[in-house]
Amino acid sequence: MIPGPFRRFEAVIRHVCRTDDKAYPLHEPDLGEEERNAVDACLRSGWVSSIGPMVEAMEGELGRITGSSHVIATVNGTAALHLALIGVGVGQGDEVIVPPLSFVATANAVVHAGATPHFVDVEPDSFGIDPEALRKRLGLCARVSGGRVINQETGRRIAAIVPVHIFGLPCRIDEIRAIGGEFGIPVVEDAAEALGSFCGERHCGTLGEVGIISFNGNKIVTTGGGGAVLTNDSEIASRIKHIGTTARVGHRWRYWHDQVGFNFRLPNINAALGCAQLNKLSMLVMKKNFLLQKYQSAFDGFSDAEIVSVRQRDRWNCWLIPVRLQGDLQGQIEPLVDYLHDRKLLVRPLWAPLHTLPMYRGSPGGEMPRAEELARRIVCLPSSANLA
Ligand SMILES: *Cc1c(COP(=O)(O)O)cnc(C)c1O
């Protein structure tokens, strides 16, 4: 027997996703003639690999969109985050503060950089790191000595804080940055999902020392696979560019490398696709905001779930549109998602909180009640721009 609230929840979503036989994925890329032409022109040019004019064009366009002085395009968002962490000095044996609610890549990049994730709980409005929890956590375990912040419980240096703008929702980055500043801990913003989102007047990913964006196939715009590092610090920018390009020392023909680098630069063919996609960004953000309004009015008066809202001063790209289950739907997330998948509405719950995954179970951090509560309550609705 199917509970009534499931049917009613489905009916609300069907105001936006019509009752036809089509499957409604969580997020589909918007690819058309422009993208085909851009990739075709790139193939004809012969410049398909990690050097080429489209990489520079895409970096320039990203700089214009975000207001970031330096942009370094990378093979994916995880690589961008890995480089960003190295760029602010994270290394072997360090700890990095991350939220338990994020895509697994956030914590993985910390480990790739030689460090250990240290989890600090989130707050229920933006789903990002809770500034109060952060302050409390640092107050409890951090000791500042010789300009270094040491976690007294583990003896390791706390080398960075990585706030994440989940679903493109701007988190409380100003407060987090201020706390980082008090302790002398740099902030690396994981804005992988937040292209087109702004905290006040500033683009997400430009409020910390370094920020990153992802262009994976499911993000608001895609290069197939790709990412970018954003920073206003020219020293960090040149360090990141250098180690991300096999640490090759510039010369017309000589192969000389002065350290162990990475092959992390974005290929030109992906950048060609990226340039075509970036041209559509403001149109996509507009459509997705319209989709949000459609969902808002559909959910208006439905008592068992509510659409999440953003702070007035911020601009949200509406990458994925989450609802919070309540009333009769509370505690029903798994059967509800199953029910909707059976009907080709491919909604998704949040990621499993990272501190519950086998490789991160023993990581440092306090209690994570709010992350665990949100994981039981949040469902992301089909959010493709073409639904608007
Ligand atoms: C997608 C994503 C990443 C990683 O980006 P990839 O391009 O998939 O490597 C990192 N953090 C968050 C929050 C993401 O959503």
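Located above this text is the structure these notes cover.
### Side note on the nonpolar core
Right, on to step 1. Ranked by size, the top nonpolar core spans 125 residues in total, and within it Phe9, Ile13, Leu85, Phe167, Tyr295 and Phe299 carry the most contacts.
Right, on to step 2. When residues in this core are grouped by element, the largest group, 8 residues, is from helix α10 (residues 281-299).
Right, on to step 3. Excluding residues that lie within four positions of it along the chain, Phe299 makes contacts with Phe9, Val12, Ile13, Ala305, Ile307, Val323 and Leu381.

### Some words on empty space enclosed by the protein
Taking a probe equal in size to a water molecule and rolling it over the atoms shows the remaining empty space.
Right, on to step 1. All told, the structure shown has 1 cavity of 30 Å³ or more when counted by the stated rule.
Right, on to step 2. In this structure, the largest cavity occupies an estimated 40 Å³ of space.
Right, on to step 3. Looking at the largest cavity, the residues that line it are His27, Glu28, Pro29, Asp30, Ile220, Leu284, Lys288 and Ala385.
Right, on to step 4. Classifying every residue of the lining of the largest cavity gives 4 nonpolar, 1 polar and 3 charged.

### Some thoughts on the side chain of Asp314
Right, on to step 1. Looking at where Asp314 falls in the secondary structure, it is placed in the loop between β12 (305-307) and β13 (321-325).
Right, on to step 2. In terms of polar contacts, Asp314 uses its side chain to reach the side chain of Arg313, at 3.3 Å.
Right, on to step 3. If sequence neighbours within four positions are ignored, Asp314 has contacts with Pro170, Phe198, Cys199 and Gly200.

### Digging into the sheet that holds strand β10 (residues 210-214)
Right, on to step 1. The mixed open sheet is built from 4 strands, whose spatial order is β1-β11-β10-β7. Two strands in the sheet have a free side with no partner beyond their single neighbour: β1 (70-74) and β7 (188-190). Neighbour-to-neighbour, the strand axes of this sheet turn through a mean angle of 20°, independent of strand direction.
Right, on to step 2. Pairing analysis gives 3 bridges linking β7 to β10, with the strands arranged parallel. Looking at the pairing, Asp190 lines up with Ile212 of β10.

Scoring rules and cut-offs
Residues numbered from 1 in each chain as written. Predicted model: local features only at pLDDT ≥ 70, side-chain atom pairs only at ≥ 80, totals over all residues. Heavy atoms only, no water. Core = buried A, V, L, I, M, F, W, Y, C linked by side-chain atoms within 4.5 Å. Buried < 20%, exposed > 50% of the residue type's maximum accessible area, 1.4 Å probe, protein only. Helix = DSSP H or I, 4+ residues; strand = E, 2+ residues; numbered from the N terminus. Contact = heavy atoms within 4.5 Å. 1 Å grid on protein atoms, 1.4 Å probe; cavity = no way out; pocket = protein on both sides within 12 Å on 5 of 7 lines; lining within 4 Å. Points joined across faces, edges and corners; volume = space filled by probe spheres on them. Nonpolar A, V, L, I, M, F, W, Y, C, P; charged D, E, K, R; others polar. Polar contact = N/O pair within 3.5 Å; in protein donor to acceptor, adjacent residues only side chain to side chain. Pairing = 2+ DSSP bridges. Axes fitted to C-alpha atoms, helices over the stretch in contact; angles between N-to-C directions.

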